[in-house]
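Geometric and topological summary
The chain contents come next:
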Amino acid sequence: MKKMRLLNTGFYLLILVVFGAFKPASDSVLDYVDPMIGTDGIGHTFPGATTPFGMVQLSPSNDFKSWNWCSGYHYSDEVLKGFAHTHISGAGLAALGDILMMPMTGEATTNPGTEENPESGYRSRFTHDKESAAAGYYQVELLDYDINVELTTSPRVGFHRYTFQNAGTAHVVIDPTHHIMETIFDTEIEQLSSTTIRGLKESEGEGGRRKVYFYAEFSRPLSALKLSRDGQWISDTKANGEDIRAVASFNDLEAGAQLSVKVAISNVSYEGAEANFMAEAQDLQFDQALAATQALWKKQLGSIEVDVVEEEDKTVFFTALYHAFISPNIISDVTGEYIVEGKKYKTDIPQYSNYSTWDTYRALHPLFTIIEQERSAEMVNSLSSRTSVSNVVLPKWECLGFDNVCMIGYNSVSPMADAILKNIPGINIEEAYEAMKMAAMDEGKHSPNYDVNGMPDYKKINFVPGEIGCSVSKTVENNYFDWCLAQVAKQLGKAEDARLFGERALGYRHLYDENTGYLLPKKSDGISQPQNLTIWDDIIKNYVSGNIWGYSTYAPHDVSALMAMHGGPDKFEQFLDMIFQDTTEIVGEQHVDISGFIGKYGHGDEPSHHMPYLYTYAGKPWKTQEMVHQVMEEFYTAQPDGLINNEDLGQMSAWYIFSAMGFYPVCPGDLQYVFGSPKLKSAELKLENGKTFRMKANNIAKNNIYIKSLSLNGKPYTKTFIRHEDIMNGGELVYEMTDKPTLFGTQEADLPMKWVNAEDLVEQEMKVTYMPFSQQEKQFFAKSLLVDLNVNSDKAEIRYTLDGTEPTENAALYKKPIKLTCSATLKARAFETGKLASKVFERDYIQSKSAGLAAGYPKITLLGAKVDSYGDEQGLNLINGKRGTPVFADGLWTGFTKDDFVALIDLGEELSLTEVSLGTLTNTGVWIFPPKSVKIYIGNGENMALVATKTLNPLPAHEVKRLQHDLKFSKQKARYVKVVVENYGPLPTWHGGTGKYPFVFLDEIYVN
């Protein structure tokens, strides 16, 4: 493996020398970059300054108020808290916001005050009329102080320049306690000289438990540096603690005076921060840094030159390209030191992080394999080192070296395999393969959002069973990742691995439902679970974002077989038509990550991004051309709300970049890009191998969206795809466009895959005995209950226990329904010769007086908090005879926020009572906390007596657990039961949402 650049520091300084006086020309590509795009709506981008793939993202940063503030800024803001040095571009998670600085005048304070009353602290109002943003530059006027703020960066240093319009004393607030949804554990500030300070922030959030260090130099000597601890001034010049802030003061400034601050950061050490400063900022003035950074951006964005039909398209395109080059981000210092999972390492290659690979494997990383090949190799080697150096499994969503596992699947495999299969030089292929294989066999990483990973089952049966949350999503994505692994294994001559992963890649076929055409969750008992497509709750628990439509069409490596199961290309085309034309209403709480609908196609959710291109596989490329064009027209604009959902660290932009050029990587790893409908007149890709690839669309116009014919390097070209090698060899692809559908690409020989017949598909073998199941849906009974057991195999026998122990082949043989006369935990397992034993069927059966009440009872009336997003609005889930599982999205829980839960339950008759029971769920990662207390009252409805109280201890740390609360009391007669569940209260300081209110999740309330 050749030694590679340690990101751009040397190149950055070279750029500075060559372009020290660089000023962007009026027709520069930089004029077409608008970082404001995506800052409104739910795009979640930040408007501040950064370099390509840089460590620093210096941007205005406010407190986290809701999901729209994941990047620290939202276009609806009218007040600013300050300017922090790290942000994530367009993510659906909130994090970072490190080392905030804010210039001010007047009385010095380290209290930010409130947005409602900025005068109560150091915040300031602003207006978009006096705000501007460009690649590598941000400017805003702070109206409360008449201060003009300008920001730029080098890869590891933030450069501030403040112009004070009024004479007098000026201040700069330094606030290392600022964060975006994190918990602060320690901060430190120390004055080193009359112009330099340093400090740190230790926090925990999506980036794990981490430290960030800073080294800052002011352009003027400080008149004073005042530190505060917990909001109170202290006399020290060095202090550390949970809440240390500072104000640097500068006396006797003239009107119009400027003050610059250079802030280097490191995730490793003070020494690393200072080394980064010396390498990238020593003796560098703001204008020089700005010139160098904009020269970097001009070179980076100059890798593609375009001509457009409408001028706005140029802004949309180059802003998309700008967003595509922000992440992943360098995390190694100029010394080579970096942090992974809390441990320090040293590298001779660049180390990157902020890998949102669940999103970006689909298009962003394939884009890098064309125009960023050297960096692609660096990223693959960086990922490989997680295993070869750090001895950890490849990340699912890595933030600053920490895998927060917020998503599903071993998704890092795709960009690594794609780069290897495209023969990108500089990759240590053996190391990469071992890291990918280890990830594909790992059973330990579970998303707090989407239930356990299901890998123990998946490795046996090639699909994740339906009793596990989001099972279909996990199955189809893992199948594709396995296909990627199989291709690399073939290339390396690892025949047994190629066979293993090739077989695993077809597991989705078990899930196909011939009646609906959807891929449905299939439980370990072999029974598919029909989905209620009129309510979001039902599908959200089985598909990430509830996207049954995207995931039911997601077999990019096996589209021919998927079509065959539908009955052939025509039937598959009809299935796609049904999805794109379905405008039926779905009730309930829609997942935030799915939006931008055409029918039920949701472009805002990445698992759908391939769907418009599937028409081409069915021999109807003109329908692909229509859909792709409609998406580009409707969901990408040059406005602040110009993105239909989270930009997701470049994926939403990469889809547009590819599609605007007229082709898209439906299946990264197959070395093909499927044609769509170009939006550009022309594009010229300047490749790192010195060659140029040009696409040109003749006769393109607003209505000329259909391909009439193609030529490649001057010769007619009839294929509906172009191969990676054809692009990398350079040349010219010419589209002839027209305003009507044509027969281009409708011949089977020209399609991306050959069609196959259903009868030619290899039947998927089930190697594990199906799990037993019961048709007895009742979990609660009054006196006795008959429980039947069944198994979907005539050759299997069932063994069971009633005492909670694991059934073996020697346990009781099931012969007839089991009669229960008291509460019991039933466990059952099926055995079949020649197959592995089944999973264990387990269910609690509970004897309760609630189950023996008169018809129509119990009745419930909610008197307190209203149901919030989860559960029936009338609280009927709380008395439906079903207990919730540890999965918060299983559809059995009822969620409440802030206000206390109060319910009056009518039993229909007076009963002798000794116990009231209910369940609660804890999943702190998704803001579900246990209650503070539970109180039980009984009586006649009007006069209610308190009979039992249970108080829970505050949580000291994150936890996922289902709790059962059985509140006992002396025997008393009553018809009514009142249950009062006290909300946990504001989230604790150790939680990233501190101060805000969590959910309380409740399930079945019953009496004895």
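Let us look at the structure shown here. Bear in mind that the values here come from a model prediction, so they are computed numbers and not experimental data.

What follows is about the overall build of the protein. Across its full length, the protein carries 20 helices and 51 strands. Expected size for 1008 residues packed as a compact globule is a radius of gyration near 30 Å; at 30 Å, the protein falls within 12% of this value. Looking at the protein residue by residue over its 1008 residues, the buried ones come to 63%. Considering only contacts in the protein between residues 6 or more positions apart, those separated by 24 or more positions represent 70%.

Bringing the pattern of salt bridges into the picture now. In this structure the tally under the stated criterion is 54 salt bridges. The salt bridge partner of Arg123 is Asp63, with a shortest N-O separation of 2.7 Å. With Arg123 in the loop between strand 5 (100–105) and strand 6 (124–125) and Asp63 in the loop between strand 2 (57–60) and strand 3 (79–80), this residue pair connects regions lying 60 residues apart in the sequence. Since its relative accessible area comes to 3%, Arg123 is described here as buried. Where Asp418 meets Lys422, a salt bridge forms, and the shortest distance between an N and an O atom there is 3.0 Å. The network of salt bridges with shared partners includes Glu310, Asp313, Glu633, Lys679 and Lys702.

Moving on to the sheet that holds strand 19 (residues 257–266). Adjacent strands of a sheet pair through backbone hydrogen bonds, lying either parallel or antiparallel. Pairing is antiparallel across the open sheet formed by nine strands, whose spatial order is 7-8-9-10-19-14-13-12-17. Of all strands in the sheet, those with a lone pairing partner are strand 7 (131–134) and strand 17 (238–241), marking the two edges. Strand after strand, the sheet turns through a mean of 15° between neighbouring axes, direction not considered. Note that strand 13 (residues 196–205) and strand 14 (residues 208–218) share 10 bridges and pair antiparallel. Paired with Glu204 across the bridge in strand 14 is Arg209.

On to the side chain of Ser303, then. By secondary structure assignment, the location of Ser303 is in the loop between helix 3 (286–301) and strand 20 (304–308). Polar side-chain contacts of Ser303 include one of 3.0 Å to the backbone oxygen of Gln300. Filtering out sequence-adjacent residues up to four positions away, Ser303 remains in contact with Phe325, Ile371, Glu684, Leu685 and Lys686.

Another point: the packing of helix 4 (residues 311–324) against helix 19 (residues 651–661). Where helix 4 meets helix 19, the axes come as close as 8 Å, and the angle between the chain directions of the two elements is 130°. As the angle between them shows, helix 4 and helix 19 are arranged oblique. Between helix 4 and helix 19 the crossing geometry is left-handed. Taking contact as the criterion, the partners of Asp313, Val316, Phe317, Ala320, Leu321, His323 and Ala324 in helix 4 are, on helix 19, Ser653, Tyr656, Ile657, Ala660 and Met661.

Quick look at the state of the cysteines now. Summed over the entire model, instances satisfying the criterion amount to zero disulfides. The structure places no disulfide on Cys399, whose sulfur is separated from the nearest cysteine sulfur, that of Cys406, by 9.3 Å. For Cys667, which is in no disulfide, the shortest distance to another cysteine sulfur is to Cys484 and amounts to 6.3 Å.

For the rest of this paragraph, the subject is the packing of aromatic side chains. Overall, the coordinates contain 40 aromatic pairs when judged by the stated rule. Summarising the aromatic geometry, the rings of Tyr636 and Tyr656 are spaced 4.9 Å apart at their centres and angled 40° between planes, so their arrangement reads as tilted. Residue Tyr636 is found in the loop between helix 18 (621–635) and helix 19, and its partner Tyr656 is found in helix 19; the two are separated by 20 residues along the sequence. When the centroid spacing of 6.2 Å and the interplanar angle of 85° are considered together, the rings of Phe658 and Tyr664 count as edge-to-face.

The rules we used
Residues numbered from 1 in each chain as written. Predicted model: local features only at pLDDT ≥ 70, side-chain atom pairs only at ≥ 80, totals over all residues. Heavy atoms only, no water. Helix = DSSP H or I, 4+ residues; strand = E, 2+ residues; numbered from the N terminus. Rg over C-alpha atoms; globule rule 2.2 N^0.38 Å. Buried < 20%, exposed > 50% of the residue type's maximum accessible area, 1.4 Å probe, protein only. Contact = heavy atoms within 4.5 Å. Salt bridge = Lys/Arg side-chain N within 4 Å of Asp/Glu carboxyl O. Pairing = 2+ DSSP bridges. Axes fitted to C-alpha atoms, helices over the stretch in contact; angles between N-to-C directions. Polar contact = N/O pair within 3.5 Å; in protein donor to acceptor, adjacent residues only side chain to side chain. Parallel < 35°, antiparallel > 145°, perpendicular 65-115°, else oblique. Left-handed = near helix turned anticlockwise from the far one by under 90°. Disulfide = S-S within 2.5 Å. Phe/Tyr/Trp six-rings, centres within 6.5 Å; stacked < 30°, edge-to-face > 60°.

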